[in-house]
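Spelled out from the first residue to the last, the chains are:
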Amino acid sequence: MKLVVAIVRPEKLGDVLESLFRAEVRGLTLQRVQGHGGETERVETYRGTKVKMELSDKVLLEIGVSDHFVQPTVAAILSAARTGEVGDGKIFVLPVEKVYRIRTGEEDQAAVTPIEELAPT
Amino acid sequence: MNSSDTAWVLVATALVLLMTPALGFFYGGLVRRKNALNTMMMSVCALGFAGLGWALLGYSLAFGSGNAWIGDLSMSLLRGVGLEPHGTIPHLLFFAFQGTFAIITAALISGAIVERMRFGPYLAFVTLWAIFVYAPLAHWVWGGGWLARLGALDFAGGTVVHVNAAAAALVVALVLRPRKDYARRAILPHNVPFTLLGAGLLWFGWFGFNGGSALAANGIATLAFVNTMLAPIATLVVWTLLDLSRTGRATAVGAATAIVVGLVAVTPAAGFVSPISAILIGAIAAAPSYFALLWRAGTRVDDSLDVVAAHGVGGTVGALLTGVLAQKSWNGVADGLLFGNPRQLVIQAIGVLGTIAFSAAGTFAIIKVLGLAAPVRATAREEGLGLDVTQHGEEAYSRGEGAILVLPEAGPSRGLPAAAPALLETGAGSP
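On a predicted model such as this, the values are computed, not experimentally measured, just so you know.

K.L.:
How do you make sense of the overall build of chain A when you look at a structure like this?
P.N.:
A count of helices and strands for chain A gives 3 helices and 6 strands. For chain A, the succession of helices and strands along the chain, N to C, is β-α-β-β-β-β-α-β-α. The C-alpha atoms of chain A give 17 Å as radius of gyration, which overshoots the globular expectation for 121 residues (14 Å, by more than 25%). Referenced to the eigenvectors of the C-alpha coordinate spread, the extents of chain A come out at roughly 60 × 25 × 25 Å. Among the 121 residues that make up chain A, the fraction classed as buried is 22%.

Laid out in C-alpha cells, this is it:
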C-alpha cells in the first residue's frame, strides 16, 4: 500500500478529479493549502502598497491506494494537472505501514480496496 | 421652475447612481471568488467610462434636436447645458439624471461576459456603447425621435434600458463565446448574500429610476413610485411559488432574480398603469423569465448571469403589457388594448423589435471593431487563474499569508523583513 500525496493548482483541480474518476480511483482527501514551488512571484497593489505574494493557493490531495493502483493514480494526476509552467505541483508516493477501515475494522489491502457494491455506478 | 420638483429629481439622480454599484454586488455575488473583483469593477468602472462618454458626447446625441434617428452635436462637451429650466427642473439636473441611466444600461451588459473579457477592451466597449448605441436609442424614445412620434410608451426605459442592454448582452456573449468551464464544470455563485444585498439596493435605487422619470414631484411620480413597489412584490410571490412547486424549495438566488425581473417589467409601465395593473404585470412577468432562465442554462449560450432572461424577457413583457394595460384615466396620455386602444400594443411591439435590431447591430459593430485592435477575450490561462489576479493584480479575499512588502528602491533603507528569506528556505511545508 502506498499513500499518494499530490499538490496541484486549484484551477486544475476539476480536471484532476475528473481524470482520477476515469482511472477509477475512488476515495481521496483534499485540503486547500498555500505553498511555494518556485513560480514567479505575483505582485499585487493595494492603495499604493505593493506586496509580493510568495505563497500561492494550491490543493493537496491524499490518496491511499494498493500497490498496483499507484501507477494509474500517478498517471491520471500527471496528465490532468500539467500546464507546463513552473508551479504545476508535485506528486509524492509514500510507503504506508498500516491501514484500517474504520467502519469494518478491515486492515491493509482490504481496507483500501473499494467495495464494489457500494461504489457509485 | 419648481423647487419641489427639483428637490425630488436631485434625490432621484443619487438613487439611480447607487443602482450601478448595487448591480456590482448583484453580479459580483453570482460569480466565482477568483472573479469577484473583476465582475464588480465592470459595474464600478462603467460609472466612470460610460459616464464620461455621456457627459462629453452621448447626452447631445440623445437629447440634441437632430432628426428622427439621432440627436446632434449642439450640446457636446456640455455646451449650453446650464441652469435654465428644462420643464420645471434645471437643464443641468435633467442631464445628470439621464446620465445615470446611460451608466447603468452599459453596466447591465457586463452580466453576459463575466469571467472571460479582458478589462481594457471592456472599458473601451462600455464607453463606445454608451455613446453610439445607448444615446441614439434614448433619442428615439425620449429625445423626440421616431418612436416618440409614433407614440411608443416607455416610462423609464423598458426598451431603452432593459431590452437594449439584453440585446447587446446576447451579442457580446455570442461573440466572446462561452467560458472554458461553461457546461463542463459546476460554476457556483461565491457569495449569495452579496446578490441579495445588490437586489435590495437595486430596488431602493429603482424608486428614483421610475419615480424620478416623472421629472416632477407630483401624482405621476407617486404612481410610478408605488408601482415600483407593487410589481416586484407580485413577481417575488409568483417566482417563489414556482420554485416551491417545481423543487419544493424557495431559493435565495431566485428571490433576488425575481425582484429584478419585477422591477424591469414595471419600468416601461410605471407611470402609465394603475396600481392593480402593476401587480398584474409583476405577476405575469415571473413565469416567462423563470422558464427562460431554465431553458438558457441547457444551451451553449453563455449569457453568464442571464441578462437576456431577466432584462430582455422581463423588459419585453413589460413593454407589451404597457400597451395592454395603459390607462388614460391614470396617466392622461394614452390607453392600452384593454381600455379600447389596440393600436398601442402594436406600437409597443414595434418599439421592442426596433430596439433589438438597432442594439444588436450596433453592439456587433463595436465589439468586432474592438476585436480588430486587440484581443477582447482573456487567455485560457488567465481564465483559469481568475481575472482578479490577472486583470487587476488584486484578490477579493486575500489572506495575506506569504505576502511580502515591496519597498521602493530609493526609499528609506529599512530592508526586507527578516522573515521573508527564511520563509522561502523552509519552504513553508511545500516544495
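K.L.:
Explanation requested: the interface of chain A and chain B in the structure shown.
P.N.:
One widely used convention gives an interface's size as the accessible area the parts lose upon coming together. Facing 21 residues of chain A, the contacting portion of chain B comprises 20 residues. Those elements that place two or more of their residues in the side of chain A that touches chain B are β2 (29-35), β3 (42-46) and β4 (49-53) of chain A. Its residues assigned to classes, the side of chain A that touches chain B shows 7 nonpolar, 6 polar and 8 charged. Taken together, the 3 bridges between β4(A) and strand β3 (residues 403-405) of chain B define a ladder with antiparallel strand orientation. The residue bridging A:Lys52 from the neighbouring strand is B:Ile404, located in β3(B).

K.L.:
Even after reading the chapter, I still don't get the pairing of strand β5 (residues 56-65) of chain A, so can you show me in this structure?
P.N.:
Regular strands place their side chains on alternate faces of the sheet. Residue and element names in this part refer to chain A. Where strand β1 (residues 2-8) meets β5, 7 bridges bridge the pair, whose relative direction is antiparallel. Bridging from a neighbouring strand, Leu3 pairs with Gly64 of β5. Sheet topology places β2 next to β5; 7 bridges connect them, and they run antiparallel. Considered in β5, the bridge of Val33 is made with Lys58.

K.L.:
Would you mind going over unusual backbone geometry with me for this structure?
P.N.:
Note on backbone geometry: most residues besides glycine have negative phi, and most peptide bonds are trans. All names here are of chain B. Even without a glycine there, the phi angle at Glu115 is positive, about 70 degrees. Mapped onto the elements, Glu115 comes out in the loop between α3 (91-109) and α4 (119-142). Given 22 C-beta atoms within a 10 Å radius, Glu115 is considered buried.

Reading guide: rules and limits
- Position labels on residues start from 1 in each chain and follow its written sequence.
- As a convention, the first chain written is A and the first ligand written is 1, with the rest following in written order.
- Local features in this predicted model are restricted to residues of pLDDT 70 or higher, and side-chain atom pairs are both shown and tallied only at a pLDDT of 80 or more, whereas totals for entire chains, interfaces and linings draw on every residue.
- Strands are runs of DSSP state E lasting at least two residues, helices are runs of H or I lasting at least four, and both sets are numbered from the N terminus onward.
- What the globule rule says is 2.2 Å times the number of residues to the power 0.38, and the radius of gyration is computed from C-alpha atoms.
- With C-beta atoms placed from the backbone, a residue is labelled by how many other C-beta atoms lie within 10 Å of its own: buried for 20 or more, exposed for 12 or fewer, partly exposed between the two.
- Residue pairs are scored as contacts if the distance between their C-beta atoms, which are placed from the backbone, is within 7 Å.
- Residues are grouped as follows: Ala, Val, Leu, Ile, Met, Phe, Trp, Tyr, Cys and Pro are nonpolar; Asp, Glu, Lys and Arg are charged; every other residue, Gly included, is polar.
- Two strands pair if DSSP finds at least two bridges between them.

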